[in-house]
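Here is how the chains run, residue by residue.
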Amino acid sequence: MKTLYILNGSPHIHGVSDTLLNSIHEELSTLPVTISMQKIREKTVYPCLGCRKCSPHPHICTLDIKNDDARSLLQGIKYADIVVFCAPIYFYTLPACTINLIDRAQCFFEEKKKSISPMLSTFILLHAARTRGEELFRGALLTLKYFFKALNREISELCLLRGLDTKDDILRDDKVMREIHTLCDTIKKNSQLVSTQT
């Protein structure tokens, strides 16, 4: 059975990301796939030391110890058929817990240099309290592009939402849930999952 990996990059419990991803999980739960939902904030991810010890083969991070969850999360992303990632934007970038995990992907980047694996689909959902700012999502998207590339993934679809400060803002704007529904429809039609439905 194929796998759908839903990754929550928000530090906020019961906030906007949790609410949006719960809706996505509910809508996609009818698919004949294994769904794994992970919250980075609930995991132990030690910050990268920049020691470069992961550069030589076999590209193992010195922080990959018993109570650190970074490798498990990163492998979940790398080997899933479809990944859905959601996070808020803070000061035009991603939350600290997510940046922590991104930094730990360095060992996968070193490994990727010699890899020719096909790129798998990733769906990105970012939200911000701000309603203005032409560059609001640009920095985060650039970071995510190369983070997922190190894990043999490419961004297939973006859903960028503004004006969401609390989960109550979702209920006030019908457009938000329409966009979530559209995103779910796109995921359902993705070629990496569609074969499981025939």
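For the structure itself, consult the block above.
Reading guide: rules and limits
The residue numbering used here restarts from 1 in each chain and proceeds along that chain's sequence as written. Reporting of local features is limited, given that this is a predicted model, to residues whose pLDDT is at least 70; pairs of side-chain atoms are given and counted only at 80 or more, and all residues count toward the totals for whole chains, interfaces and linings. Excluded from the side-chain calculation are hydrogens and water; included are all heavy atoms of the structure. A run of H or I in DSSP counts as a helix once it spans at least four residues, and a run of E counts as a strand once it spans at least two, with each numbered from the N terminus. This radius of gyration counts C-alpha atoms alone. The globule rule is 2.2 Å times how many residues there are, raised to the power 0.38. The cut-offs for exposure are 20% and 50% of the maximum accessible area for each residue type, with area from a 1.4 Å probe on protein chains only; residues under the lower value are buried, those over the upper are exposed, and the others partly exposed. Pairing of aromatic side chains here covers Phe, Tyr and the six-membered ring of Trp, requires ring centres within 6.5 Å, and sorts the geometry by plane angle: under 30 degrees stacked, over 60 edge-to-face, intermediate tilted. Patch construction takes residues with relative accessible area above 30% that form no salt bridge. Like charges are linked within 9 Å, and nonpolar side chains (Val, Leu, Ile, Met, Phe, Trp, Tyr) are linked within 5 Å. Per-residue accessibility takes into account occlusion by the displayed protein chains alone, with areas from the Shrake-Rupley method and a 1.4 Å probe. A pairing counts as a salt bridge when a side-chain nitrogen of Lys or Arg comes within 4 Å of a carboxyl oxygen of Asp or Glu. Each polar contact in these results corresponds to two N or O atoms within 3.5 Å; when the atoms are within protein, one needs to be able to donate a hydrogen and the other to accept it, and residues that are neighboring in sequence are counted only if both atoms are side-chain atoms. Contacts are residue-level and defined by heavy atoms, with any inter-residue pair within 4.5 Å sufficient. Helix axes are fitted to C-alpha atoms over the stretch in contact, other axes to C-alpha atoms as well, and angles between N-to-C directions run from 0 to 180 degrees. We call two directions roughly parallel when the angle between them is under 35 degrees, roughly antiparallel when it is over 145, roughly perpendicular when it lies between 65 and 115, and oblique otherwise. By convention, the crossing between two helices is left-handed when the near helix turns anticlockwise from the far helix through less than a right angle, and right-handed when the turn is clockwise.

Participant: Help me understand the overall build of the protein chain, please; the structure alone is not making it clear to me.
Facilitator: For the protein chain, the helix and strand inventory stands at eight helices and five strands. The N-to-C order of helical and strand elements in the protein chain reads β-α-β-α-β-α-α-β-α-β-α-α-α. Radius of gyration (C-alpha) of the protein chain: 17 Å, near the 16 Å computed for a compact globule of 198 residues. Projected onto its principal axes, the C-alpha positions of the protein chain cover 50 × 45 × 30 Å. The burial tally for the protein chain puts 43% of its 198 residues in the buried class.

Participant: How do you make sense of the packing of aromatic side chains when you look at a structure like this?
Facilitator: Working definition: an aromatic ring pair is given by the centre-to-centre distance plus the angle between the planes. Inspection of every chain in the model, using the stated rule, returns two aromatic pairs. Relative to Phe148, the ring of Phe85 has its centre 6.1 Å away and its plane inclined at 65°; by these criteria the two rings are edge-to-face. Placement of Phe85 in strand E3 (residues 82–88) and of Phe148 in helix H5 (residues 138–150) is noted, with a sequence separation of 63 residues between them. Residues Phe147 and Phe148 carry aromatic rings whose centres are separated by 4.9 Å and whose planes lie at 55° to one another, so their mutual orientation is tilted. Assigned by exposure class, Phe147 and Phe148 land together as buried. A network of ring pairs unites the aromatic residues Phe85, Phe147 and Phe148 as a single cluster.

Participant: What am I meant to see in a nonpolar patch on the surface here?
Facilitator: On the surface, a nonpolar cluster with roughly 210 Å² of combined accessible area is contributed by Ile155, Leu158 and Leu160. Looking at the secondary structure, you find Ile155 in strand E5 (residues 153–161). The class for Ile155 is partly exposed, based on a relative accessible area of 31%.

Participant: Got a minute to help me understand the side chain of Asp18 in this structure?
Facilitator: Mapped onto the elements of the fold, Asp18 is located in helix H1 (residues 16–28). For Asp18, the side chain forms a polar contact with the main-chain nitrogen of His14, separated by 2.9 Å. Not counting residues within four places of it along the chain, the set of residues in contact with Asp18 comprises Asn8, His12, Ile13, Lys39 and Arg41.

Participant: Could you clarify how one ought to interpret the packing of H1 against helix H7 (residues 174–188) in this entry?
Facilitator: Axes are the key here: two packed helices are described by the angle between their axes and the distance separating the axes. The geometry of H1 relative to H7 is characterised by a closest axis approach of 10 Å and an angle of 45° between their N-to-C directions. Judged on the interaxial angle alone, H7 and H1 are oblique. Every pair of crossing elements has a handedness; the one defined by H1 and H7 is right-handed. On H7, the residues that touch Leu20, Ser23, Ile24, Glu27 and Leu28 of H1 are Val176, Met177, Ile180, His181, Leu183, Cys184, Asp185, Ile187 and Lys188.

Participant: Explanation requested: the pattern of salt bridges in the structure shown.
Facilitator: Two side chains of opposite charge can pair, provided their charged atoms sit close to one another. Per the counting criterion, the structure on display carries seven salt bridges. Close ionic contact of Arg41 with Asp18 constitutes a salt bridge, the shortest N to O distance being 2.7 Å. Here Arg41, found in the loop between strand E2 (34–39) and helix H2 (70–79), pairs with Asp18, found in helix H1; they are 23 residues apart in sequence, far enough to count as distant. In this structure, the salt-bridge partner of Arg172 is Asp169, at a minimum N-O distance of 2.5 Å. With Arg172 and Asp169 both in helix H6 (residues 167–172) and three residues apart, the pair spans about one turn of that helix. Look at the salt bridges and you will find they share partners, linking Asp64, Asp68, Arg71 and Arg104 into a network.

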